[in-house]
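Understanding the architecture of this molecule
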Amino acid sequence: MTPVIYPTGVSQPVAFNSSEVPGYDSFEPTRNSRRARRPLPPGPKKLPLFGNIFQLPTTFEWETYAKWGEELKSDIIHLDAAGTSIVIVNSHKAATELFDKRSAIYSSRIHSTMLHELAGWNTLFGFMPYGERWKEHRRLFQKHFHPSNTLVHQPFELEYTRKALKKLLVSPEKFMDHLRFLAGASTLAITYGIEIKDEDDPYLAVAEKALVGLAASAAPGMFLVDSIPILKYVPAWMPGAGFQIKASSWRAAATDMVNIPFAATQKAVVRGADTTVASMNTFMLAMTCFPEIQKKAQAELDRVLVAGQLPTFEDESSLPYLSALVKEIIRWRAITPLAVPHQVTQDDEYNGYFIPKGSIVAGNVWAMLHDENEYPESLAFNPERFLKNGSLDPEVRDPTVAFGFGRRICPGKHIAISMLWITVASILSVYEITPEEDETGNPVSPSQEYIPSMILHPAPFKCKIKPRSREAERLIISLDSVAR
Ligand code: HEM
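Residues numbered from 1 in each chain as written. Predicted model: local features only at pLDDT ≥ 70, side-chain atom pairs only at ≥ 80, totals over all residues. Heavy atoms only, no water.

Looking at the protein side alone, the iron atom of the ligand has one donor only, C410 (SG), at 2.3 Å. Along the chain, the position of C410 falls in the loop between β8 (391-392) and α15 (413-430). (Donors = N, O, S within 2.8 Å, 3.2 Å for Na, K, Ca; no water. Helix = DSSP H or I, 4+ residues; strand = E, 2+ residues; numbered from the N terminus.)

In structure tokens, the structure reads:
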């Protein structure tokens, strides 16, 4: 089916009449709708005009959406944010049916006034509506970063992981900065071919600032200006217009990134670095909190690696526990809990429910990765759930939904996984990560709290990072340069 692209190049969310509650029987999404009195998917009771706007949770909303789905006994639910139709997809089954099998109509993006017009992210293909322009950008990206072409990324990942190992020796307390450096610098090296020496590099600083704006402005419903676009004309100095001031500083950062003269396909990748950082910090958190798991991974590394050598990508197939650990890091906290919402470009029907054209359709990654039928005791951190008789168990579903859905699935997935794998393997082969101790010498385990945002990062926490042995320390010191 042909997607509907409006003259502005932007597919518009549909405003609908929610004043005729209950039952939404006279819901008229478009002039030619063939709704024929089919009900919308179930959802919390809507108020006239405002819909569910006062019930919509603003933090950890994916958990509430999962709970509503269970209570309403439906794997999709419907919400109305003051006229914007939102469908939350809570199960793998519904996600496959809608995002994969009907991908021709479930692959667009919403137009966010805050994100696209005010914060300056309209040139990023990850946020473009479905259509020729997006297809061309995505095609170029996938051609260059084809999964079979490991040489475009793995040598950089190895090089920057080893740089980070050295930084961890000098200032282990700054591990979050070092991991941010590792993800940011290797991503910029892979995409722009520029070398980043340390955390203060101006390229990294510009990218970081733009990302703060992206994370904050991209959460749907976070800013009222998205529901009432006319507000964008409110001057920044007016009371309540804080969004304007924020937007203008983020826009400056986003524009700086755009103005740096590199290909548009490469620019899109910088966003990928923030998700990678979030997974790396999740790894550090899990290792601090679950020492037995750390020991098992290290025992496997000690069995497989030649003494005095660091892991390389060639070792991957001999390290199943490590691969299971990486899968569990991706699954456990679902760092992109609602992925990036899609937009449906035609009226549709699922399980007898009507899905209006223009609805925002968000896959609840968190709910899927915490489905107790697929991942029993889903809140526990347990890499062994992916193993059977010491090998990866093909029966257990891969946590790929962490990378999104259908035609929009993350095209950098293979890069992210390999970057995470080499980081985890390298750090565990030479370092021991333990909790900080209080005055009496008792370990203080981190709170395991996460900061709610579009990309979930663990709240800053402390841990001790020490070389596992004198040999490990010597090995780290000896890492001068790594041949590419
Ligand atoms: C752990 C790391 C990562 C996670 C969890 C992640 C997750 C995601 C998710 C959930 C989406 C949205 C998919 C959808 O709309 O259904 C996405 C899109 C995207 N990701 Fe990633 N990503 C990661 C790393 C990367 C890396 C390293 C790159 C680049 C090298 C990258 C490049 C992109 C691009 C370009 C898109 C936009 C795709 C489109 O809209 O067509 N990501 N990612």
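We now examine the pairing of strand β1 (residues 76-81). Within β1, 6 of the 6 residues are buried, leaving the element largely enclosed by the surrounding structure. Neither face of β1 is left uncovered, since the one carrying I76, H78 and D80 and the one carrying I77, L79 and A81 both have all their residues buried. One ladder, built from 6 bridges, connects β1 with strand β2 (residues 84-89); its direction is antiparallel. Paired with I77 across the strands is I88, a residue of β2. (Buried < 20%, exposed > 50% of the residue type's maximum accessible area, 1.4 Å probe, protein only. Pairing = 2+ DSSP bridges.)

The next point concerns the sheet that holds strand β13 (residues 463-467). On the basis of which strands lie adjacent, the open sheet formed by 3 strands has the order β10-β9-β13 and antiparallel pairing. Each of the sheet's edge strands pairs with one partner strand only, and the pair in question is β10 (443-444) and β13. Judged from the 2 bridges that link them, strand β9 (residues 431-437) and β10 form a sheet pairing that is antiparallel. Within β10, the residue paired with E437 across the bridge is P443.

Attention now moves to the environment of E173. You can see E173 is positioned in the loop between α5 (154-170) and α6 (175-192). The exposure class assigned to E173 is exposed, which follows from its relative accessible area of 58%. Each C-alpha atom, one on E173 and one on K462, is 7.3 Å from the other, the two residues being 289 residues apart in sequence.

In the vicinity of the ligand there are 27 residues, among which R109, W134, H342, R408 and C410 approach most closely. At 2.9 Å, a side-chain N or O of R138 approaches an oxygen atom of the ligand. The backbone of V340 places a nitrogen or oxygen atom 3.4 Å from an oxygen atom of the ligand. Mapped onto the shell around the ligand, the elements with two or more residues apiece are α4 (132-144), α11 (269-289) and α15. Residue classes in the shell around the ligand are distributed as 14 nonpolar, 9 polar and 4 charged. (Near = heavy atom within 4 Å. Polar contact = N/O pair within 3.5 Å; in protein donor to acceptor, adjacent residues only side chain to side chain. Nonpolar A, V, L, I, M, F, W, Y, C, P; charged D, E, K, R; others polar.)

Looking now at the layout of surface pockets. Quantified by volume, the second largest pocket comes out at close to 390 Å³. A66, E70, A367, H370 and D371 are the residues nearest the centre of the second largest pocket, which is lined by 19 residues in total. Looking at the lining of the second largest pocket, the elements that each hand over two or more residues are α1 (61-72) and α14 (365-369). Among the elements that make up the lining of the second largest pocket, the one with the highest residue count is α1 (5 residues). (1 Å grid on protein atoms, 1.4 Å probe; cavity = no way out; pocket = protein on both sides within 12 Å on 5 of 7 lines; lining within 4 Å. Points joined across faces, edges and corners; volume = space filled by probe spheres on them.)

What follows deals with helix α2 (residues 92-101). Buried within α2 we find H92, A94, A95, L98 and F99. Down the axis of α2, the smallest arc covering the buried residues is 155°, so these residues share one side. In α2, the exposed positions that point more than 90 degrees away from the buried face belong to K93 and K101. (Arc of directions from axis to C-beta.)

Enumeration over the complete set of coordinates arrives at 0 disulfides. Its sulfur unpaired, C463 is 9.4 Å from the next cysteine sulfur, which belongs to C289. For C463, a relative accessible area of 6% corresponds to the buried category. (Disulfide = S-S within 2.5 Å.)

Right, let's get into unusual backbone geometry. Of note, the phi angle at L49 is positive, near 70°, even though the residue is not glycine. Mapping L49 onto the fold places it in the segment before α1. Taking relative accessible area as the criterion, L49 reaches 62% and is therefore assigned exposed. Despite not being glycine, Q448 has its phi angle at roughly 65°, a positive value. Summarising the element assignment, Q448 is placed in the loop between β10 and β11 (450-451).

On to the side chain of T161. Positionally, T161 belongs in helix α5. Residue classification places T161 among the buried positions, given a relative accessible area of 2%. In contact with T161, not counting residues within four places along its chain, are L182, I422, T423 and S426. (Contact = heavy atoms within 4.5 Å.)

So, on to the UniProt feature "binding site: heme" (unreviewed entry) in the protein. Following the UniProt record, one finds the feature "binding site: heme" (unreviewed entry) at C410. Judged by relative accessible area, which is 29%, C410 ranks as partly exposed. (UniProt positions renumbered as here; feature names shortened; annotations may be inferred.)

Inspection of every chain in the model, using the stated rule, returns 16 salt bridges. In this structure, D302 engages R468 in a salt bridge whose closest nitrogen and oxygen atoms are separated by 2.7 Å. One end of the pair, D302, is in helix α12 (residues 291-304); the other, R468, is in the loop between β13 and α16 (470-477), and 166 residues separate them in sequence. For R385, the salt bridge identified is with E328, shortest N-O distance 3.1 Å. A residue pair is termed long-range when its members are at least 10 positions apart, and R385 in the loop between α14 and β7 (387-388) and E328 in helix α13 (residues 320-332) qualify at 57 residues. No difference in accessibility class separates R385 from E328, as the two residues are buried. Taken together, the shared-partner salt bridges in this structure form one network comprising E97, K101, R102 and D348. (Salt bridge = Lys/Arg side-chain N within 4 Å of Asp/Glu carboxyl O.)

The mixed open sheet is built from 4 strands, whose spatial order is β1-β2-β6-β3. Edge positions in the sheet fall to β1 and β3 (342-343), since each of these pairs with one other strand and no more. Both β3 and strand β6 (residues 360-363) contribute to a ladder of 2 bridges, which runs antiparallel. The partner of H342 across the bridge, within β6, is V361. The strands that α1 touches are β1 and β2; relative to β1, the one it contacts most, it runs at about 120°. (Axes fitted to C-alpha atoms, helices over the stretch in contact; angles between N-to-C directions.)

M284, L322, L325 and L428 are the most contacted members of the largest nonpolar core, which totals 113 residues. Looking at which element gives the most residues to this core, the answer is α15, with 11 residues. When neighbours within four sequence positions are excluded, L322 is seen to be in contact with A297, E300, L301, W421, V424, A425 and L428. (Core = buried A, V, L, I, M, F, W, Y, C linked by side-chain atoms within 4.5 Å.)

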